[in-house]
Amino acid sequence: MDLAEPLAANRADAAGGPGMVRQLRQVLLWPLRLMPTAGQGPPWQVLRDLGDASPWREVVDEYTGDAGNFHERHYREFVAFLPYVQRFLYGEGRAGRSQPGGGAPMRVFRRFDIARVRTVARPGDAPLELDVVHVDLYFFFDVDLVLLNVEVSATTELSLTQAEEQLYRFGRGYPPGWDEQGHAMHCMASVEWLDAAGNVLSHSDAQDGDRFLAHVAEHRAPRVSGHWAFVLQPLVSDHSSEPGQLRFRQIEYYRMPLMAWLALDDPRSLTRADFARLGLVAPAGGGEVMPYSEQSLGDFEQRFCYDRFWAEGGEAPNTRYLCSGHSLIVIGQAQASFYMCRDRGVLAQFRHQHFMLFLIAHFQKASLLMFSDKLAHALQNLDVGSPSSVRRFKRAIRNTFESFLRFTHRYWFHEISEQAHVRALWHMCSQHLGLDPLYAEVKERVTDMNSYLDADALRRQANTVVRLTVVTIFGLIGTVSTGFLGMNLIAEAEASRTMKLVYFMLVFVPTIALTFYTIAKSKRLSDFLDAISDERLTMKQKFGALVAVWRTAPDER
């Protein structure tokens, strides 16, 4: 038995009891880093150009399509955000789309072949089928990221244990390990994607531990489970041997950030331990048993709960928001029509305003991690003994610095809304994710690296100026001397062209040699000139500085 993963307790959730979940919505969001390829256009353009070879189709949303498809829920979503956030999410109006940069910086692609998903939480459990509301890919202009978004819905009743298991196990990119029986831990025992006719499109392979072990042993990178690899196609892992123009790497933890909306008959029947398990997406367990120690959860309500609507009155009574950064959970009363309304109520807010603020927060975090990863990758590939490697390193750092500046001015927000609950949830999410400290850390790293390159460039320029100054000073001696003599030392004005060429080469070659020799000794000659100009030094010390021009220093032997 796996001691690290407690078994679900047998709950007394009878049909129609207060602990039953009448409806469940689960939204997964998985940020991945796109690996750019030389000469390749924007990734969404590559995906669009694949045509029928790809299951993804670009979404013409309600903001860019027919105005008849623009409903009040879309309007409420739009006005919930501040103007600069609106420009990020939706771009300019129809009149401005023809102008450069007028389109939305965010592009969405959707696949329509996946209609349902069948999951089995543990070996021997009854399968659970959920509707797949949509499967989307979010691309962003000028940022090498893609966010996989999957929304599933359970319209049939679930026990609270089933709901907890679904939230805890479904959104995992690969298994973290296996128990003594060879069963994958902490993830679904089985996942099958189904089409509209019920045919199996793909299934999970988490129980095949040998394939995952062999992949890590060979590539030093985890292998994405088969059912998630199927969803992402034609995007392929950069560490796999599969061909593909669009390649990705994992940028965050293998547990996908998730949102969930749960409708219960009586949310107040849930215990404090139930809220802790839901809010922290912990394993299912007994109703009174806390998932972690009481000491660590002593301030759970203050840190993770938003209770503005946790009251008996109002349009959506007994509604509680749980936010841990990794998750955003909404729990409310199934009998409240406003809570269940998908056009104007809490469900509409969950699928629109709340989803967008969750997406922005995780996009910002993933972008910052991507910039940090780019710096580490550039340093890893640096060979200080290779001039071409040094040039590539400098180019990579400059490009990263420029991209970071564009990200800061286009995508970095401290506030996204003035609506009280949206603003509060945004602050909770960003604080739990540590966005501000992460931004400051990445900014410092990028700035330090760029400052080093600037200082190195200034040092090289200073050395060049010193060398040119030394050559000019010593060349001035010869110039004045020959000018004083009138350049008539050799009267060969009437000589043949051959003789003139011979005399020219006799002067040109030594001059070139002397110039290069002066450049080679320019650093020591510069020290000699400094000694000459220093009035505190004696003539003997100045003469010693002249002799040092040709003396080999001990550290050069």
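A. Spotlight on the overall build of the protein chain. A count of helices and strands for the protein chain gives 16 helices and 14 strands. Buried residues in the protein chain amount to 46% of all 557 residues. In the protein chain, the proportion of contacts linking residues at least 24 apart, taken out of those at least 6 apart, comes to 68%.

B. Structural view of the packing of aromatic side chains. Applying the stated criterion across every chain yields a total of 31 aromatic pairs. On the basis of an interplanar angle of 45 degrees and a centroid distance of 5.8 Å, the ring pair of Phe88 and Phe413 is categorised as tilted. With Phe88 in helix H3 (residues 83-90) and Phe413 in the loop between helix H11 (387-411) and helix H12 (420-433), the pair connects residues that are 325 residues apart, well separated along the chain. The residues Phe88 and Phe413 share a single accessibility class, namely buried. With centroids separated by 4.4 Å and ring planes inclined at 10 degrees, the aromatic side chains of Trp412 and Tyr439 adopt a geometry described as stacked. With Trp412 in the loop between H11 and H12 and Tyr439 in helix H13 (residues 435-485), this pair connects stretches of sequence that are 27 residues apart.

C. Seen up close, the environment of Val346. Tracing the backbone through its elements, the reader meets Val346 in helix H10 (residues 346-380). Val346 sits 31 residues away from Glu315 along the chain, and the two C-alpha atoms are 9.6 Å apart. If sequence neighbours within four positions are ignored, Val346 has contacts with Trp261, Ala316, Tyr321, Val330, Phe338, Tyr339 and Cys341.

D. Looking closely at the packing of H10 against H11. Look at H10 against H11: their axes get within 9 Å of each other, and the N-to-C directions meet at 170 degrees. In terms of axis orientation, H10 runs roughly antiparallel to H11. For the pair H10 and H11, contact is made by Phe363, Gln364, Ser367, Leu368, Phe371, Lys374, Leu375, Ala378 and Leu379 and by Phe393, Ala396, Ile397, Thr400, Ser403, Phe404, Phe407 and Tyr411, respectively. Residue composition of the contact of H10 with H11, grouped by class: 12 nonpolar, 4 polar and 1 charged.

E. Structural detail: H3. For H3, the full list of buried residues reads Val85, Gln86, Phe88, Leu89 and Tyr90. Within H3, the buried residues cover an arc of 165 degrees as seen down the axis, which keeps them to one side. Each element contacted by the buried residues of H3 is listed here: helix H2 (72-79), strand S3 (106-111), strand S5 (128-140), H10 and H11. The first or second residue beyond H3 is Gly91, which carries a positive phi of 75 degrees.

F. Structural view of the packing of H10 against H12. Two elements in contact, H10 and H12, have axes separated by 10 Å at closest approach and are oriented at 30 degrees. By the angle between their axes, H10 is roughly parallel relative to H12. As H10 runs across H12, the sense of the crossing is right-handed. Two secondary-structure elements touch here, H10 through Gln349, Gln353, His354, Leu357, Phe358, Ile360, Ala361, His362, Gln364 and Lys365 and H12 through His421, Val422, Leu425, Trp426, Cys429 and Leu433.

G. Quick peek at the pairing of strand S10 (residues 247-250). Pairing of strand S1 (residues 21-35) with S10 involves 4 bridges; the strand directions are antiparallel. Counted as the bridge partner of Leu34 is Phe248 from S10. Where strand S9 (residues 236-237) lies against S10, 2 bridges are found, and the strand directions are parallel. Looking across to S10, one finds that Ser237 is bridged to Phe248.

H. Examining unusual backbone geometry more closely. Put simply, Gln233 and Pro234 share a cis peptide bond, and its omega is 10 degrees. In this fold, Pro234 is placed in the loop between helix H6 (226-232) and S9. The phi torsion at Asp142 lies on the positive side, around 70 degrees, for a residue other than glycine. For Asp142, a relative accessible area of 29% puts it in the partly exposed group.

I. View of helix H5 (residues 209-219). For H5, the complete set of buried residues consists of Gly209, Phe212 and His215. Down the axis of H5, the smallest arc covering the buried residues is 130 degrees, so these residues share one side. Summarising the geometry of H5, the exposed residues directed more than 90 degrees from the buried face are Asp210, Leu213, Ala217 and Glu218. Looking one or two residues beyond H5, the residue adopting positive phi is Arg220, at roughly 55 degrees.

J. Quick look at the nonpolar core. Leu89, Phe140 and Phe363 are the most contacted members of the largest nonpolar core, which has 68 residues in total. Take this core: its biggest share by element is 17 residues, from H10. Residue contacts for Leu89: discarding those within four places in its chain leaves Phe81, Ala104, Met106, Met356 and Ile360. Leu130, Leu148, Phe248 and Leu297 belong to the second-largest nonpolar core, a separate cluster that totals 62 residues.

About the criteria used
Residues numbered from 1 in each chain as written. Predicted model: local features only at pLDDT ≥ 70, side-chain atom pairs only at ≥ 80, totals over all residues. Heavy atoms only, no water. Helix = DSSP H or I, 4+ residues; strand = E, 2+ residues; numbered from the N terminus. Buried < 20%, exposed > 50% of the residue type's maximum accessible area, 1.4 Å probe, protein only. Contact = heavy atoms within 4.5 Å. Phe/Tyr/Trp six-rings, centres within 6.5 Å; stacked < 30°, edge-to-face > 60°. Axes fitted to C-alpha atoms, helices over the stretch in contact; angles between N-to-C directions. Parallel < 35°, antiparallel > 145°, perpendicular 65-115°, else oblique. Nonpolar A, V, L, I, M, F, W, Y, C, P; charged D, E, K, R; others polar. Arc of directions from axis to C-beta. Left-handed = near helix turned anticlockwise from the far one by under 90°. Pairing = 2+ DSSP bridges. Core = buried A, V, L, I, M, F, W, Y, C linked by side-chain atoms within 4.5 Å.

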